[in-house]
Amino acid sequence: MSDTVKRWRETRAAIARAARDVERDPDSVALIAVSKTMPAEAILPVLEAGQRIFGENYVQEAKAKWPALKERFPDAQLHMIGPLQSNKAKEAVELFDAIHSLDRESLAKELAREIARSGRAPTLYVQVNTGDEPQKGGVSPSAIDAFLESCRVHHGLVIEGLMCIPPAEDPPSPHFALLAKIAARHGLRGLSMGMSADYEAAIQLGATHVRVGSAIFGARG
Ligand SMILES: *Cc1c(COP(=O)(O)O)cnc(C)c1O
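Reference entry: report on the structure contained in this document. Residue positions are counted from 1 within each chain, in the order its sequence is given. In keeping with the model being predicted, local features are shown solely for residues with a pLDDT of at least 70 and side-chain atom pairs are shown and tallied solely at 80 or more, while totals for entire chains, interfaces and linings include all residues. Side-chain metrics in this entry use all non-hydrogen atoms of the structure; hydrogen atoms and water are not considered.

1. Concerning the overall build of the protein
Move 1: Secondary structure elements follow DSSP: runs of H or I no shorter than four residues count as helices, runs of E no shorter than two count as strands, and numbering proceeds from the N terminus. Each helix and strand counted, the protein has 9 helices and 8 strands in total.
Move 2: Taken along its principal axes, the extent of the C-alpha atoms in the protein is 50 × 40 × 30 Å.
Move 3: Expressed as a percentage of its 221 residues, the buried residues of the protein come to 52%.
Move 4: Pairs at least 24 apart in sequence give 57% of the contacts found in the protein among residues at least 6 apart.
Move 5: Accessible areas in this description were obtained via Shrake-Rupley with a 1.4 Å probe; residue shielding takes into account the shown protein chains only. A total of about 10,300 Å² of accessible surface is found on the protein, and carbon and sulfur atoms cover 51% of it.
Move 6: Charge counting follows a simple rule: Lys and Arg are positive, Asp and Glu are negative, and His as well as the terminal groups are ignored. The atom standing in for a charge is NZ when the residue is Lys, CZ when it is Arg, CG when it is Asp and CD when it is Glu. One finds the centroid of the 27 positive side-chain charges in the protein at a distance of 3 Å from the centroid of its 28 negative side-chain charges. For every residue, the accessible area obtained with a 1.4 Å probe (protein chains only) is divided by the maximum for its type, and the residue is called buried under 20%, exposed over 50%, and partly exposed between those limits. Here, residues are in contact when the closest pair of their heavy atoms is within 4.5 Å.

2. Some thoughts on the packing of helix 2 (residues 40–49) against helix 3 (residues 59–72)
Move 1: Lines are fitted to the C-alpha atoms to define the axes, a helix being fitted only along its stretch in contact, and any angle between axes, read from their N-to-C directions, falls within 0 to 180 degrees. The N-to-C vectors of helix 2 and helix 3 enclose an angle of 30°; their axes lie 11 Å apart at closest approach. Considered as vectors, helix 2 and helix 3 are oriented roughly parallel to each other. When you trace helix 2 past helix 3, the crossing you get is right-handed. Side by side, helix 2 and helix 3 meet where A40, I43, L44, L47 and E48 of the first sit next to K65, W66, L69 and R72 of the second.
Move 2: Three classes are used: nonpolar for Ala, Val, Leu, Ile, Met, Phe, Trp, Tyr, Cys and Pro, charged for Asp, Glu, Lys and Arg, and polar for all others, with Gly counted as polar. For the contact of helix 2 with helix 3, the per-class residue count stands at 6 nonpolar, no polar and 3 charged. In what follows, roughly perpendicular refers to angles from 65 to 115 degrees, roughly parallel to angles under 35, roughly antiparallel to angles over 145, and oblique to any angle outside these ranges. For a crossing to be left-handed, the near helix must be turned anticlockwise from the far one by less than a right angle; the clockwise case is right-handed.

3. Structural notes on the site of the ligand
Move 1: To be near a molecule or strand, a residue needs just one of its heavy atoms within 4 Å of it. The environment of the ligand is made up of 13 residues, and the closest members are K36, N57, S196, G213 and S214.
Move 2: Definition of a polar contact: a pair of N or O atoms within 3.5 Å, with one able to donate and the other able to accept a hydrogen when the atoms are protein atoms, and with sequence-neighbouring residues admitted only if both atoms are side-chain atoms. K36 places a polar side-chain atom, nitrogen or oxygen, 2.7 Å from an oxygen atom of the ligand.
Move 3: With respect to the ligand, the side chain of N57 contributes an N or O atom lying 2.8 Å from an oxygen atom.
Move 4: Here the ligand loses 89% of its free accessible area of 390 Å² to cover by the protein chains.
Move 5: Taken together, the residues of the shell around the ligand break down into 6 nonpolar, 4 polar and 3 charged.

4. Here's the deal with the pairing of strand 1 (residues 30–34)
Move 1: By the criterion of burial, strand 1 is predominantly enclosed, with 5 of the 5 residues buried.
Move 2: Neither face of strand 1 is open: one carries A30, I32 and V34, the other L31 and A33, and all of them are buried.
Move 3: Any two strands are treated as partners once DSSP identifies two or more bridges connecting them. Where strand 1 lies against strand 8 (residues 209–212), 4 bridges are found, and the strand directions are parallel. Residue pairing across strands places L31 opposite V210, the latter belonging to strand 8.
Move 4: Two strands pair when backbone bridges link them, and strand 1 and strand 2 (residues 53–56) are joined in this way by 2 bridges, in the parallel orientation. Directly across from A33, in strand 2, lies its bridge partner F54.
Move 5: When the strands point away from the viewer, a crossover counts as right-handed if the path from the first strand over the helix to the second runs clockwise. Of the crossover connections in this fold, the one passing from strand 1 over helix 2 to the parallel strand 2 is right-handed.

5. Focus on the packing of aromatic side chains
The relation between two aromatic rings is expressed through the spacing of the ring centres and the mutual angle of the planes.
Move 1: A pair of Phe, Tyr and Trp rings is counted when the ring centres sit within 6.5 Å of each other, with Trp represented by its six-membered ring. The angle between the planes then sorts it: under 30 degrees is stacked, over 60 is edge-to-face, the rest tilted. Taken as a whole and assessed by the stated rule, the structure comprises 1 aromatic pair.
Move 2: Taken together, a centroid distance of 5.0 Å and an interplanar angle of 45° make the contact between F54 and W66 tilted. With F54 in strand 2 and W66 in helix 3, this residue pair connects regions lying 12 residues apart in the sequence.
Move 3: You can call W66 buried: its relative accessible area is 1%.

Here it is as structure tokens:
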């Protein structure tokens, strides 16, 4: 067994343990294997082992790698987790099964237009900038209620849940708790939170999707 597959198995086991610790069904936590910057040869063994949900950050990279992989594994699902430029909305709707980085009006408008035009409807998550970091994407917690309302009323978008990336220097749990609180207030089911360093804490606070890259694929070059 390759090191990557070994780490994937260990990650799955750790997810199941973290879920059971808080009396959650392990199947209620989906693992998104974040394969950004990894070549197809590194992704294949994980697909062969049974992983089906993958995260990518860049539209161009995903477009180059995934059509061939999807031909071999048609049930693989691709999630866009990186910042998305509005002018890439068309390609993103064509390529991805879910988008986790919806965070502004212009993008909501472009996504709504492409969804209507193409008939494809990726599952949508709104990214929340829980730490209000100026350099980071995401809607400020102070603006999230109005943005969700606008997605629904003005753009006719169905929002599945919320996503966050806590500030690197903060303990992550308060950010996960804040995201869960906002989601509950809006009746949103999906919580995309937790990465290699903190997915267990995220699961304790209700994550439905954890995005794990380096713990599976090793450090990115
Ligand atoms: C790269 C990335 C991840 C995975 O990070 P790791 O620390 O390698 O697990 C998760 N979420 C987002 C948004 C990312 O950009």
